[in-house]
Amino acid sequence: MTATTTREGPTRTMDGLLNGVVMRITLRATMSRKRAILFALPAILLIGISALLTKTAQSPVWPPEVLGTVGLLIVALTALLVGGSVIGGEVEDGSIVHLLATPVSRRSVVLSKYAVAVALTWLFAAVPEYLAGAIAKGPGNSLAIGLLVGALAGAVVYNALFVLLSAAFSPGRALAGGLLYVLVWEGLLASLVPGVGLLSVQHYSLAIANAIAHNSALNANLTSGTAIGMAAAVTVVALVLAVNRLAVFSVKGDVA
Amino acid sequence: MTSIELRGVSRWYGNVVAVNDVTMTIGPGVTGLLGPNGAGKTTILHMIAGFLAPSRGDVTVAGRASWRNPGMFRQVGLVPERDSVYAFLTGREFVAATARLHRLVDPDGAARRAIELLEMTDAQDRKVATYSKGMRQRIKVAAALVHDPEVVLLDEPFNGMDPRQRLHMMDVLHAEAEQGRVIVFSSHILEEVERLSGTIQVIVGGRLAASGDFRAIRRLMTNRPHLFTVRSSDDRALAAALIGRPSVNAVELTPHGLQVRASDYGTFTREVAGITRDHGIRLLQVSPADESLESVFTYLLAA
């Protein structure tokens, strides 16, 4: 073109880590095709169950038990759907090439997409978890707040794991791997085999929730310090690996 | 002066060699990567764009290795073959978003100019999902040109375009090249390359089969022996008449007509109608038996 284009000089702001354009495109891609309805359904179900049990349940111990299991499972599955699609979907259809064929750093691409996935998981799973707790126990109750903080933390870690899975494997394998982790590793093994909880995001969430709610039904056999330390370590390692994976992103060429 | 260098570049997938020891330098102007499907053109373009690591050798753009170097895209625009533009964006949103990713000072102005250049202004506010294949190609090119790159890489850019769109795209790319840019495009269609590029790199079976001025290579192609299938009202009489001509090397009588090996493509095709008329024979069919690109390339490779 004849007109010259000039570039803004580099600015050392959040732009180095998060890119607003990447985030907006990711948000629109994730929420297109009426997916908001799909994401909202489990949340509506959870709030409905909470409202129903609040009116009908005889036992007073159901809130931590139900919201600590079903509620956190919804956090995990929402993160699997959202975190697994923010990079995996674009890798699958090839549209990620348009982002990667720009000078935006791969780290910024991964972190921007990850941030959107975390925010959507908070919206569609952590906030409903709080609402369900608030319906059962009241808005300022420590259980509702503990579950909210636990779910917020869980969304941070789960999404890092699932973003990594989707950057490293095909969408089918990433989904299968994520489901195995959530349903078998966390759902089955973590409650049966001592020590497995150390590598369970659900247990980190429960331990963090318990640190606020002080409710024995949320006991994860982890101290809150261990849970926070492990959650932070897993998140950082998963994101570093995801950035490295995208840095060597390859398009398969033609083979004679 | 910006240039692309490949030195001893190979790329293999397991036991399959996609690109085999290719060395080439591509400077300003339009260069066509020509070759049959599966020849390795796309693999070479992906290595130049840094989307594939060479298994051996070096690929540099403007003196720097392209692999793991996203900063390169300040000077490079890429038009991938895959039809994968974000369908939920409008054409204008897509090009402007690309301009913002390049951190241009006036992204909307740059997007408007690029869209005008590709004659997509009328369709710019429609979602990409509603675009035809040719329109998607053009909006991808607009996005690739939005930051005025020194190097433009286009993978099969004319796929899905109608003839008018092709001509216009060729004009655009010529104009870009005249400003000193390095324009590299891949194609498996000889005529596209002929119209567009002065320099070609012919890739066959992962190897660089020919390199240089298009017209010189085209002469090499057209002056070689060609095989034709000819059917007429009297094949035997026609065979006798043809074998006496200098432009014909051999004639074989088959149940399906004559197989004629002509020494010179141009002379034979000009003469054949006159010969049949002079002998009172009715000509039913003249078709090149080996005019596919593959046979041309096989010949080039053997030459």
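Before going into details, it helps to say that this report is about the structure given with it.

Reading the values: rules and limits
- Residues numbered from 1 in each chain as written.
- Chains lettered and ligands numbered in written order.
- Predicted model: local features only at pLDDT ≥ 70, side-chain atom pairs only at ≥ 80, totals over all residues.
- Heavy atoms only, no water.
- Helix = DSSP H or I, 4+ residues; strand = E, 2+ residues; numbered from the N terminus.
- Buried < 20%, exposed > 50% of the residue type's maximum accessible area, 1.4 Å probe, protein only.
- Contact = heavy atoms within 4.5 Å.
- Areas by Shrake-Rupley, 256 points an atom, 1.4 Å probe, with all protein chains shown as cover.
- Lys, Arg positive; Asp, Glu negative; His and termini not counted.
- Charge placed at Lys NZ, Arg CZ, Asp CG, Glu CD.
- Salt bridge = Lys/Arg side-chain N within 4 Å of Asp/Glu carboxyl O.
- Polar contact = N/O pair within 3.5 Å; in protein donor to acceptor, adjacent residues only side chain to side chain.
- Nonpolar A, V, L, I, M, F, W, Y, C, P; charged D, E, K, R; others polar.
- Pairing = 2+ DSSP bridges.
- Axes fitted to C-alpha atoms, helices over the stretch in contact; angles between N-to-C directions.

### Let's talk about the overall build of chain B
A tally of regular secondary structure across chain B gives ten helices and 14 strands. Seen through its principal axes, chain B has C-alpha atoms that stretch 75 × 45 × 35 Å. Within chain B, the proportion of its 303 residues that are buried is 54%. Taking contacts inside chain B between residues at least 6 apart in sequence as the whole, the part at least 24 apart equals 67%. In the structure as shown, chain B presents an accessible area of about 12500 Å², 48% of it carried by carbon and sulfur atoms. Once the 35 positive and 33 negative side-chain charges of chain B are each reduced to a mean point, those two points are 4 Å apart.

### A word on the overall build of chain A
Looking only at helices and strands, chain A has ten helices and zero strands in total. Judged by the C-alpha coordinates and their principal axes, chain A covers about 75 × 35 × 35 Å. Looking at chain A as a whole, 48% of its 256 residues qualify as buried. Partitioning the contacts of chain A with sequence separation of at least 6, the portion at a separation of at least 24 is 74%. Put simply, chain A shows about 11300 Å² of open surface, and 70% of that area lies on carbon and sulfur atoms. Taken as two groups, the 15 positive and 9 negative side-chain charges of chain A have centres that lie 3 Å from each other.

### Here we look at the interface of chain A and chain B
Taken residue by residue, the interface counts 45 residues in chain A and 49 residues in chain B. Scanning the region where chain A abuts chain B turns up one salt bridge. Applying the counting rule to chain A against chain B returns seven residue pairs in polar contact (both at pLDDT 80 or more). Elements represented by at least two residues in the side of chain A that touches chain B include exactly helix H1 (20-31), helix H4 (88-93) and helix H5 (96-100) of chain A. Class assignment for the residues of the side of chain A that touches chain B results in 21 nonpolar, 13 polar and eleven charged.

### A word on the sheet that holds strand S11 (residues 226-232) of chain B
Residue and element names in this part refer to chain B. Strand order in this open sheet of four strands is S12-S13-S11-S14, and the pairing throughout is antiparallel. Each edge of the open sheet carries a strand with a single partner, namely strand S12 (248-254) and strand S14 (283-288). Direction aside, neighbouring strands of the sheet carry axes that sit 20° apart on average. Here six bridges tie S12 to strand S13 (residues 257-262), and the two strands are oriented antiparallel to one another. Among the inter-strand pairings, valine 248 is bridged to a residue of S13, identified as alanine 262. Packing of helix H8 (residues 235-243) onto the sheet brings it into contact with S11, S12, S13 and S14, and relative to S12 it is tilted by some 165°.

### Topic: unusual backbone geometry
Residue and element names in this part refer to chain B. Positioned with a positive phi, alanine 62 is a non-glycine residue whose angle comes to about 50°. By the secondary structure assignment, alanine 62 is in the loop between strand S4 (56-61) and strand S5 (64-65). The backbone phi angle of glutamate 119 is positive, close to 55°, even though this residue is not glycine. Along the chain, glutamate 119 falls in the loop between helix H3 (107-117) and helix H4 (133-145).

### Some remarks on the pairing of strand S3 (residues 29-34) of chain B
All names here are of chain B. Burial within S3 is extensive, with six of its six residues counted as buried. Across the two faces of S3 the burial is the same, with Gly29, Thr31 and Leu33 and Val30, Gly32 and Leu34 all buried. In this sheet, strand S8 (residues 182-187) lies alongside S3 in parallel orientation, the contact comprising six bridges. Following the sheet pairing, leucine 34 is matched in S8 by serine 187. In the sheet, S3 pairs with strand S9 (residues 199-204) via four bridges, with the strands oriented parallel. Residue pairing in the sheet places leucine 34 in a bridge with valine 202 of S9.

### Some details on the pairing of S8(B)
All names here are of chain B. Among the six residues of S8, six are classified as buried, and the element is accordingly described as predominantly covered. Of the two faces of S8, the one holding Val182, Val184 and Ser186 and the one holding Ile183, Phe185 and Ser187 are both buried throughout. Pairing of strand S7 (residues 151-155) with S8 involves five bridges; the strand directions are parallel. Bridging from a neighbouring strand, leucine 154 pairs with phenylalanine 185 of S8.

### Some points on the side chain of B:Thr98
The residue B:Thr98 is located in helix H2 (residues 91-101) in this model. Not counting residues within four places of it along the chain, the set of residues in contact with B:Thr98 comprises B:Ala143 and B:Val146.

Scope: geometric values only; no functional claims are made or implied.
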